[in-house]
Amino acid sequence: MTLKRILLALLLLGLLAFGYFYIALNWSYSSGERAGWIQKLSKKGWICKTWEGELALVSIPGSATVEKFQFTAMDDAIAAELTEVMGKRVTLHYEEKVGLPTSCFGETRHYVTKVTVANDISLSPGVVVQRNPVAPAEAPAAASAAASN
């Protein structure tokens, strides 16, 4: 009779732990977007390897103060996208997960789910510099075609 109670208690404890981890991994406390330049991305961890990165947020171009946004990417496909767009201005969509008990899931609470390259650069409110969508090799050909018309 005591063995059944111990096994039932262990089973109940296991189900509670599973439910907690399921909710903590699938529910997000908040979500949002941050724009800036990815300046660091590395795969870290002793046993559980996760991609940890840093996004430099510049509020005013030429400003000496640079805020850094620490983030985690759990998916290798997202990490490959992040590596591909390093050096370009990007927008990261992230979800903030609260309550994960170990660093095995990542060193930060912000998990990147989507990466988008920003096509324009905002200098100040109302002043936006559009990036040229024409590739550098095609630019002279496009300019000469426009001049002949």
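Above: the structure in question.
In this text, all values refer to a predicted model and were calculated from it rather than measured experimentally.

J.: I'd love a proper account of the overall build of the protein chain, names of residues and values included.
T.: If you tally the helices and strands in the protein chain, you get 3 helices and 7 strands. Counting from the amino terminus, helix and strand elements in the protein chain follow one another as α-β-β-β-α-β-β-β-β-α. Across the 149 residues that make up the protein chain, the buried fraction comes to 24%. In the protein chain, once contacts between residues fewer than 6 apart in sequence are set aside, the share between residues at least 24 apart is 54%. A total accessible area of about 10400 Å² is found for the protein chain, and carbon and sulfur atoms account for 62% of it.

J.: Can you tell me about helix 2 (residues 76–84), naming the residues and giving the values?
T.: Those residues of helix 2 not exposed but buried are Ile-78, Ala-79 and Leu-82. When helix 2 is viewed along its axis, its buried side chains cluster within an angular range of 100 degrees and face the same direction. Buried positions along helix 2 lie against strand 1 (30–44), strand 2 (50–57), strand 3 (67–73), strand 4 (89–96) and strand 5 (110–117).

J.: Hey, could you go over the side chain of Glu-54 for me, with residue numbers and the actual values?
T.: Looking at where Glu-54 falls in the secondary structure, it is placed in strand 2. Overall, Glu-54 belongs to the buried group, its relative accessible area being 11%. A polar side-chain atom of Glu-54 sits 2.6 Å from a polar atom in the side chain of Gln-39. Of note is the side chain of Glu-54, whose polar atom sits 3.0 Å from the side chain of Gln-70. If we skip the residues at most four places from it in the chain, Glu-54 touches Trp-37, Ile-38, Gln-39, Lys-40, Lys-68, Phe-69, Gln-70 and Phe-71.

J.: Account for the nonpolar core, with residues named and values stated.
T.: Counting 15 residues, the largest nonpolar core has Leu-55, Phe-71, Leu-82, Leu-92 and Val-115 as the members making the most contacts within it. If you list the elements that add at least two residues to this core, you get strand 1, strand 2, strand 3, helix 2, strand 4 and strand 5. Every residue in contact with Leu-55, bar those within four places of it in the chain, is listed here: Arg-34, Ala-35, Gly-36, Trp-37, Ile-38, Glu-67, Lys-68, Phe-69, Phe-71, Val-90 and Leu-92.

J.: Outline the packing of aromatic side chains, supporting the account with residue identities and numerical values.
T.: Using the criterion set out here, one finds 3 aromatic pairs in the structure. Ring geometry for Phe-18 against Tyr-22: centres 6.4 Å apart, planes inclined by 25 degrees, an arrangement best described as stacked. Of the two residues, Phe-18 and Tyr-22 both sit in helix 1 (residues 2–26), 4 residues apart, roughly one turn of that helix. Here Phe-18 and Tyr-22 have matching classes, each one exposed. When the ring of Phe-69 is compared with that of Phe-71, the centres are 6.4 Å apart and the planes differ by 25 degrees; the resulting orientation is stacked. Here the aromatic residues Phe-69, Phe-71 and Tyr-94 are joined through ring pairs into a cluster of three or more.

What counts as what
Residues numbered from 1 in each chain as written. Predicted model: local features only at pLDDT ≥ 70, side-chain atom pairs only at ≥ 80, totals over all residues. Heavy atoms only, no water. Helix = DSSP H or I, 4+ residues; strand = E, 2+ residues; numbered from the N terminus. Buried < 20%, exposed > 50% of the residue type's maximum accessible area, 1.4 Å probe, protein only. Contact = heavy atoms within 4.5 Å. Areas by Shrake-Rupley, 256 points an atom, 1.4 Å probe, with all protein chains shown as cover. Arc of directions from axis to C-beta. Polar contact = N/O pair within 3.5 Å; in protein donor to acceptor, adjacent residues only side chain to side chain. Core = buried A, V, L, I, M, F, W, Y, C linked by side-chain atoms within 4.5 Å. Phe/Tyr/Trp six-rings, centres within 6.5 Å; stacked < 30°, edge-to-face > 60°.

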